[in-house]
Every structure is written in C-alpha cells, then in structure tokens.
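Single-letter residue listing:
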Amino acid sequence: MFDHKKVEIEWGGKTLTLETGKVARQADGAVIATLGETVVLCAVTAAKSVKEGQDFFPLTVHYQEKFSAAGRIPGGFFKRERGATEKETLVSRLIDRPLRPLFPEGFYNEINAIAQVLSYDGENEPDILAMVAASAAMTLSGVPFMGPIGAARVGYQNGEYILNPTDEQVAEGDLDLVVAGTHDAVMMVESEANELSEEVMLGAVLFAHDNLQPVIDAIIKLAEQAAKEPWDLKINDDQAAQKAKLKALIGDDLKAAYKLTNKSERQNAINDARTKAREALADLKESDPAQYLGTLKLVKKLEADIVRTAILKEGIRIDGRDTRTVRPIVAEAHFLPRAHGSALFTRGETQTIATCTLGTKDAEQMIDGLGGLSYQHFMLHYNFPPYSVGEVGRFGAPGRREVGHGKLAWRALHPVLPSKDEFPYTIRVTSDITESNGSSSMATVCGGSLAMMDAGVPIKRPVSGIAMGLILEGDEFAVLSDILGDEDHLGDMDFKVAGTSEGITTMQMDIKIAGITKEIFETALNQAKEGRAHILGEMAKALDSSRTELSAHAPRIETLQIDKSKIRDVIGTGGKVIREIVATTGAKVDIDDDGIIKVSSSDHAQIEAAINWIKGIVEEAEVGKIYNGKVVNLVDFGAFVNFMGGKDGLVHVSEIRNERVEKVSDALSEGQEVKVKVLEIDPRGKVRLSMRVVDQETGEPLEDTRPAREPRSDRGDRGPRGDRGDRGPRREGGDRGPRRDRGPRREQSENKEEGGENVGLPSFITEN
C-alpha cells in the first residue's frame, strides 16, 4: 500500500531520519523528518497553472506547533490551535527566506508549504527540522527548485562551537545562530550573540555551513529514490529584444530619475517612466496580456542595470554617496514628556519614534508553547504604518514583516539588558516608523537603545545597527553601507548587523542570488563595524549612558527577601493578608516561591508603607525596642495593640500612663495610633507592651519615674510549731445524716473590683 522510502544519517551525535511515501501522499511532496523524538511533517503543493494577471511568485509557508506534540492541551476558551503565534510566524519566515531565491525568475505558480510539529521531546528544537523537511519536500515535489538546502543551529560556549545545541546550552552560552545554505554558499543567517567579535561570528557561519552538508547529501539521496519528474519550464526567449525596446523607450528617463537624490522626486519620475511604457504597450495588452505583464516586469531589470552599473563602475549610489558613507543622523532623547523613556531617531529619510515603558511583574507576557507556560519580561513591538512610505494602505494588526523586524531588534537589544535581580521591571519598547527609506529595523535598534537609556534602564552599553547591501556582477562586487530602500530591492543581499562598541549582538543576512563567498562576508562585516561605530558616536550626542533616575511617571519597584516559611504569613488565609496590604497601601505586591517580594508603586510612600507592613509580619519583636502601633481592641484590663503588621501585644491598664487609669476607654480608642515599647515576650510568644515609657509625640524612650513596688516586710521567724499532742483517733461519726443546704455558691464577681479586674490573681492569668 505504501511506497515507503527512508534515509538515516548521524548528525551532531544524533540520528536524523527523512522518510516519504507513507503520509500525505496526495501532496506533491511530503517528508517526515525526525531528530531524537522530535518529528516534523512538511507537505508541499503547487498550482499547475498561473493565475491570470499574476506577476509575482506566490510562495506561502506555514509552520504550526501542535500542542499534542508535547502532550499538552491548548489553553484559552477554544482549546485548540488557532492563529499563528509569534514563534510560528518567525519560523515560517525562517523557512521561506532561504527557499524563495532558489526558484527561477519568471516562475509564478502558487506554492504552499505547510510544516507541522507532530512530536516534541523538549530537547531537539523543531524549527531546524522544519527547514530540513521543507527543503526535502520541495526537492521531491518536482517544482523548479534549485536546491536542496540544509540548515543548522550553532551555539558558542567556552570558546567552542556547538552543533544544534539544546535550549539549556543556548541559555548558558554566548550565541544562538541559525544558518541555511546550499552545497556552495550560505543563503540565510539569523542570530543573537553576547557581544561577540566579527571573527567569532564569521567562524560560526562557516562552521554551520560545513555541518549542514550531510543534510543536503541525505536529501539528495532521498530524492534519488522518490523524487517526482521535474516540471517543464517555458522560458521566454524574446526577453532580450523586449528589454532593448524598453531601454530605447524609457532608458534615458530612468537614468535621469535615478540621479534625483530626493526619494519622493525620484519615485515620481520613475512612475512617469512606467506610465510612458504602459501607454506605449497598450496594443500588446489587448493582444497578449501575459506577454504585456512580462514586458512590464522588465522595467525593474532596466532600473537594476542602471543602479548597479553606476555603483560598480563609478562608485556613485542613488543619493550621491560613496559605498561606505552613512546618511546624516539626528538623535533626540526624551522626545515625549509623559513616556517613561523616549527617543526620536532619524537617519536620512528613515525615522522612528521609540518609547520605553516600565511595568511590574503583572505586565509580563505569558507565552503558551510546546515547552509549557513561560513569561517574557522584555518585549519589543515594531509598527510600520503606510504613511511612513507615503502610501495609502491597511492599518491594523501587525503582519509577518512587522513581527520579523521587531524580533530582529529584540535580539539586538536583549543581550545588553540587566538581569531581573538587578532591574526587576517588565520592559516594553515600541518603535513607530514615521519615515522609511531603508533599514527601519536598524533604526528601531538605535531608537530603542536610546529610549531605554532615557527611561533609566541600566543597559550594559548602547547598541547601534546598520544595514549593508551587495552588488555582485561576476568577480566584481561592491558592499554598501546604510542601504536605501531601492538599493535593497535592486541589490543582491540584505545584511543587517547590530552591536555595541564591544561586539555584535545580532546578525541577519538574506541572499537573493546563489550565495556569497567568505571574502564578501568578511568585507561586509568589517565595513559594518565602521558604520556601527559612527552611528554610536552620533547617538552619544543625544545620550551616551542610562539615566540614573527613573521617570517621575514610572512605577518604583523595591525588592526584599523573606524566609520561605514566612510566605504563607504574608499571603494569609485565602490571600486575606496580602489583599489587605494592597488595598490599604495602594502598592502592588508580588511574591515568588523563593521568598522574593517585589513592591511597586509610583508613590514611594505607598511602597514604604507596604514594606513596613510586610517586615512587621515576618520580623520577630525585640524586647526593649519601640514600635508604632494601632489599638485594635479594648478590654477591661488593658488594650491590644497591633504593632508589627500581623502581631498584637497587650498594654496592661497599668502601662498606659504613669497615673492611675480608671477606665481603659477613657485613655484609648480603637484605631488610635500609639507608640509602644516591648517589655516582655513570654515562652508562648505573648508580648507585653508599655505606652507610659514612650513619648507619644516623638517616639523617644522616657525614663520610668514610677516608684518600684515595695517588697513585702519580713515577718520574722515564726518558730517551730508546738507539739499539739496526740489528736487521737478520728472519731467514727457513723451516719453523718443529710448534708445541710449551704445555699447558692458565691459568684466570681464577688472577687472582682467594680471595673471587672480580677483581684489578687496573677498577671499572667489576667492578661490572657
């Protein structure tokens, strides 16, 4: 029934298995990839014809994590997988980016690749496996895919590279880098690093490329057994003639347009040239719509020829710069008055308003994934409204591009954040792009770094970012610093690098051609280092380090550690105590299982009140120490005073004042604030307090002026008891007769004074 094919290799000390022919047999290509006990299925389907009027390649990649893969049921009301999570969106992009450039130009058939995680062992991450499965499924499907590609993750710890590290190794190490590539070249890089050097980063990329070769060989071996017949491609042989016709028609117009350094003026001139071409080809549109669309696509090729030739031959770019110059930069900190931290960062025609908001633990982002619930205390959100490029368009929830750009900036800034113990705030950075003409994600890095410093976040060092481009024709190449939007579209590489003065924190590369060499990679890294240093210098003119004080509008958080055994005392039965603390003081109180308590409020007095309350609950009373207290109950023999949050003690009526107090209610009332001194703590923990030896105004101790109680007089020796002689035997009384009626028993009240105080009873009885 099944034509099952299977290939196994040893990869990074584990067995990688690729198999096909058993599952999803109606797809054009389907592969199950297994590493350890992590299993991913990828199925590829392709449309057999092109939709009418389509002039782009519609490749769509979906990555989905099934909760059943980890033996979990999804949270929420619906209890099923729904819209793509942030991670699923990012992995979908990770798969798409190295695949897309390997399809031939002019291929417009729609292709759908769906990767689903079927099993997850908690050790082998499914994203790399999904990339491998997608590459294998594409190779088997018969579509014109110039692959396969392989993928690998690299860690770096103690000076050694680690192939496909576990989550624990990534957390303990200094690098998390993902590379995809063909046999000959690197196609895609995504990374986060702890300020590593250019040499270490380049070494990691080359290490990954070497170690993904066995994966490519395994895919080829599987394709030799199970690949479908390749599709026949129809190639338009008349492109050269059509291109020459277009060049004669609008070539001079495009050259003139690309000499304009202002983006808006340049775009208007280019649009005029395109309109001229469309009008000239009106007859072709009626007779052959497909050829008409194909001819119009050649306008972009003409533009690319003009721009690329000027850069390679003359060293002059679209806006008149040379290949190494960064556009003018203006940075302004504290741009917004009420934001906790803010910055306006402008580089040429790219601009962002970045803000930093500080919150408490309650504001952390909860993430429900295959590994269970986790919480993220640092968030970065990137927004790209259509007005930033002068267009009319959709405005609403972020798309895949916004999610990807935001995560890139997140990776750039995350390595320089303080630890949660050092800075116990939840941090949210937002970047609203207000102008865009090249690398708004790197502007987000710069603006986000300034906003966090303005908010008082003690980051290790400022971070800057730069986007690099590449023009490659044969053996000639030019690496471009701080690329424009048009240079990105018309060039061969989009290479972004961010970091501090000490090293790289993130690196992302996407190649639009078959790959680049080690020489080009080294040149781009070194040129990017120069650009980053220049941008850091411009940023320092606005703010060169974190502010020492938080914004007046930001919440304050203070931390204290208590003994774990006291946690339940602070929380109280059913949370009664902690709710009372929050309701009374107005401060937020968070307690973790380790006994770390975080108290937060924008009002320092509220924080202080809550902390004092908590200390009163967990601290032990000290004999001789003076405390502030509140009368909570009046009794005949004194008053009970709450003086340490959850602790009460007794002020006996004799300890209220030096003079005699006839009635306790004449001297005190419930809720009255008093100052008391601890006189004694008995073995049972009961506390005896005094007010009379404390100045009730200042809280200072007073001298005890009450005379000491006189000792009893010595009554001398009473002498020996006399001999009373023999008392004789006890008489036999016989029948004593009926017991006489002694009347009613006297009530205890006869032994009390009028005020209710027991007479002659020991104090330890009367105080209980």
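Since this is a predicted model, take the numbers as computed values, not measurements. (Residues numbered from 1 in each chain as written. Predicted model: local features only at pLDDT ≥ 70, side-chain atom pairs only at ≥ 80, totals over all residues. Heavy atoms only, no water.)

Some words on the overall build of the protein
Then comes step 1: If you tally the helices and strands in the protein, you get 18 helices and 29 strands.
Then comes step 2: Over its C-alpha atoms the protein spans a radius of gyration of 40 Å, topping by over 25% the 27 Å that the globule rule assigns to 768 residues.
Then comes step 3: Projected onto the principal axes, the alpha-carbon positions of the protein cover approximately 150 × 70 × 50 Å.
Then comes step 4: Per-residue burial over the protein gives 48% buried out of 768 residues. (Helix = DSSP H or I, 4+ residues; strand = E, 2+ residues; numbered from the N terminus. Rg over C-alpha atoms; globule rule 2.2 N^0.38 Å. Buried < 20%, exposed > 50% of the residue type's maximum accessible area, 1.4 Å probe, protein only.)

Describing the side chain of Ser481
Then comes step 1: Here Ser481 is to be found in strand E19 (residues 476–481).
Then comes step 2: Looking at Ser481, the relative accessible area reads 1%, which means it is buried.
Then comes step 3: A distance of 3.1 Å separates a polar atom in the side chain of Ser481 from a polar atom in the side chain of Gln527.
Then comes step 4: The contacts of Ser481, once residues within four sequence positions are left out, are Arg317, Arg321, Thr323, Arg324, Thr325, Ile466, Ala467, Met468 and Gln527. (Polar contact = N/O pair within 3.5 Å; in protein donor to acceptor, adjacent residues only side chain to side chain. Contact = heavy atoms within 4.5 Å.)

As for unusual backbone geometry
Then comes step 1: Cis geometry is adopted by the peptide bond preceding Pro148, which originates at Gly147 and carries an omega value of 5°.
Then comes step 2: By the secondary structure assignment, Pro148 is in the loop between helix H2 (126–141) and strand E7 (150–157).

A short note on the pattern of salt bridges
Then comes step 1: By the definition in use, this model includes 44 salt bridges.
Then comes step 2: Here Lys361 makes a salt bridge to Glu364, at a shortest N to O gap of 3.8 Å.
Then comes step 3: The class of Glu364 is buried, set by a relative accessible area of 12%.
Then comes step 4: Ionic pairing is found between Lys588 and Asp362, a salt bridge with its closest N-O pair at 3.9 Å. Residue Lys588 is located in strand E23 (residues 588–591), and its partner Asp362 is located in the loop between strand E13 (350–359) and strand E14 (365–369); the two are separated by 226 residues in the primary sequence.
Then comes step 5: The exposure class assigned to Lys588 is partly exposed, which follows from its relative accessible area of 40%. (Salt bridge = Lys/Arg side-chain N within 4 Å of Asp/Glu carboxyl O.)

Overview of the side chain of Glu364
Then comes step 1: Summarising the element assignment, Glu364 is placed in the loop between E13 and E14.
Then comes step 2: Discounting chain neighbours no more than four positions away, the residues touching Glu364 are Tyr375, Gln376, His377, Lys420 and Thr426.

Describing the environment of Pro74
Then comes step 1: Note on placement: Pro74 falls in the loop between strand E5 (59–65) and helix H1 (86–99).
Then comes step 2: Discounting chain neighbours no more than four positions away, the residues touching Pro74 are Phe67, Lys79, Arg80, Glu81 and Asp368.

Let's talk about the packing of helix H7 (residues 263–280) against helix H9 (residues 289–314)
Then comes step 1: Contact pair H7 / H9: the axes reach a minimum separation of 11 Å and the direction vectors enclose 150°. Viewed along their axes, H7 and H9 adopt a mutual orientation that is roughly antiparallel. Pair H7 / H9 crosses with right-handed handedness. Touching Ile270, Arg274 and Arg278 of H7 are Tyr292, Leu296, Val299, Lys300 and Glu303, all from H9. (Axes fitted to C-alpha atoms, helices over the stretch in contact; angles between N-to-C directions. Parallel < 35°, antiparallel > 145°, perpendicular 65-115°, else oblique. Left-handed = near helix turned anticlockwise from the far one by under 90°.)

So, the sheet that holds strand E6 (residues 111–119)
Pairing between the strands of a sheet is mediated by backbone hydrogen bonds and can be parallel or antiparallel.
Then comes step 1: Read from one edge of the open sheet, six strands run E1-E2-E3-E4-E6-E5, paired in mixed fashion. The strands lining the two open edges of the sheet, one partner per strand, are strand E1 (5–11) and E5. Neighbouring strand axes in the sheet, compared pairwise and without regard to direction, differ in orientation by 15° on average.
Then comes step 2: Two elements, strand E4 (residues 38–46) and E6, share eight bridges in a ladder whose sense is antiparallel. Bridged to Val40 within E6 is Val117.
Then comes step 3: Of the strands in this sheet, E1, strand E2 (14–20), strand E3 (29–35), E4, E5 and E6 are in contact with H2, which crosses E4 at around 35°.
Then comes step 4: Helix H5 (residues 213–226) contacts E1, E2 and E3 of the sheet and is inclined by roughly 165° relative to E1. (Pairing = 2+ DSSP bridges.)

Looking at the sheet that holds strand E11 (residues 329–333)
Then comes step 1: Within the open sheet, the five strands sit side by side as E11-E12-E13-E17-E16. Their pairing is mixed. Each edge of the open sheet is held by one strand with a lone partner, namely E11 and strand E16 (378–383). Pairwise comparison of adjacent strand axes, ignoring direction, gives a mean angle of 15° for this sheet.
Then comes step 2: Bridge count between E16 and strand E17 (residues 426–435): six bridges; the pairing is parallel. Following the sheet pairing, Leu380 is matched in E17 by Val429.
Then comes step 3: Contacts from helix H11 (residues 440–455) reach E11, strand E12 (341–347), E13, E16 and E17, with the element oriented near 150° to E12.

Notes on the nonpolar core
Soluble globular proteins: nonpolar side chains tend toward being buried together.
Then comes step 1: Within the largest apolar cluster, 161 residues are counted, with the highest numbers of intra-cluster contacts made by Leu177 and Met507.
Then comes step 2: Top contributing element to this core by residue count: H2, with 11 residues.
Then comes step 3: Leave out the neighbours within four places in its chain, and Leu177 touches Ala152, Arg153, Val154, Val189, Glu190, Ser191, Met201, Ala204, Val205, Ala208 and Met507.
Then comes step 4: Counting 20 residues, the second-largest nonpolar core is a separate cluster that includes Ala639, Val641, Ile656 and Leu689. (Core = buried A, V, L, I, M, F, W, Y, C linked by side-chain atoms within 4.5 Å.)

Quick notes on the pairing of strand E10 (residues 186–193)
Then comes step 1: Burial within E10 is extensive, with eight of its eight residues counted as buried.
Then comes step 2: Relative to E10, strand E9 (residues 175–181) is paired through seven bridges, and the arrangement is antiparallel. Its bridge partner lying in E10, Gly181 is registered against Val186.
Then comes step 3: Where E9 folds back on E10, the antiparallel hairpin that results is connected by four residues.
Then comes step 4: In this sheet, strand E21 (residues 504–511) lies alongside E10 in antiparallel orientation, the contact comprising three bridges. Residue pairing for E21: Glu190 is matched across the bridge by Gln508.

Some words on the pairing of strand E25 (residues 626–635)
Then comes step 1: Across five bridges, E25 lies against strand E28 (residues 673–681) in antiparallel orientation. Its bridge partner lying in E28, Lys630 is registered against Glu673.
Then comes step 2: Inspection of the sheet shows E25 paired to strand E26 (residues 638–642) by five bridges, in the antiparallel sense. Each bridged residue has a counterpart across the sheet, and for Leu634 the counterpart in E26 is Ala639.

Here we look at helix H16 (residues 604–618)
Then comes step 1: Here H16 is 15 residues long and its end C-alpha atoms lie 21 Å apart, about the 21 Å a rise of 1.5 Å per residue gives.
Then comes step 2: The complete set of buried residues in H16 reads Ile607, Ala610, Ile611, Trp613, Ile614, Gly616, Ile617 and Val618.
Then comes step 3: On its buried face, H16 is in contact with strand E22 (556–561), helix H14 (567–571), helix H15 (576–585), E23 and strand E24 (596–601). (Expected span 1.5 Å × (residues − 1).)

Some points on the packing of aromatic side chains
Then comes step 1: Going through the model one piece at a time under the given rule, you end up with 13 aromatic pairs.
Then comes step 2: Judged by centre distance (5.4 Å) and plane angle (40°), the rings of Phe103 and Phe145 are tilted. Here Phe145 lies in the loop between H2 and E7 and Phe103 lies in the loop between H1 and E6, a separation of 42 residues in the sequence.
Then comes step 3: Residue Phe103 is classed as buried on the basis of its relative accessible area, which comes to 7%.
Then comes step 4: For the ring pair Tyr161 and Phe207, a centre distance of 5.5 Å and an interplane angle of 25° mean the geometry is stacked. Within this pair, whereas Tyr161 is found in strand E8 (residues 160–163), its partner Phe207 is found in helix H4 (residues 198–211), the two being separated by 46 residues in sequence.
Then comes step 5: Aromatic rings pair up to connect Phe57, Phe103, Phe107, Phe145 and Trp231 into one cluster.
Then comes step 6: A cation over an aromatic ring shows up here: Lys407 above the ring of Trp410, its NZ or CZ 3.6 Å from the ring centre. (Phe/Tyr/Trp six-rings, centres within 6.5 Å; stacked < 30°, edge-to-face > 60°. Lys NZ or Arg CZ within 6 Å of the ring centre and 35° of its normal.)

What to know about empty space enclosed by the protein
Then comes step 1: Within this structure, the stated rule accounts for two cavities of 30 Å³ or more.
Then comes step 2: Estimates place the volume of the largest cavity at around 110 Å³.
Then comes step 3: Trp11, Lys14, Leu35, Glu123, Asn124, Glu125, Ile128, Leu129, Arg153, Asn164 and Pro165 together form the lining of the largest cavity.
Then comes step 4: Of the pockets and cavities examined, the second largest cavity occupies roughly 40 Å³.
Then comes step 5: Together, His4, Glu19, Thr20, Gly21, Lys22, Val23 and Ile32 line the second largest cavity.
Then comes step 6: For the lining of the second largest cavity, the class distribution of residues is two nonpolar, three polar and two charged. (1 Å grid on protein atoms, 1.4 Å probe; cavity = no way out; pocket = protein on both sides within 12 Å on 5 of 7 lines; lining within 4 Å. Points joined across faces, edges and corners; volume = space filled by probe spheres on them. Nonpolar A, V, L, I, M, F, W, Y, C, P; charged D, E, K, R; others polar.)

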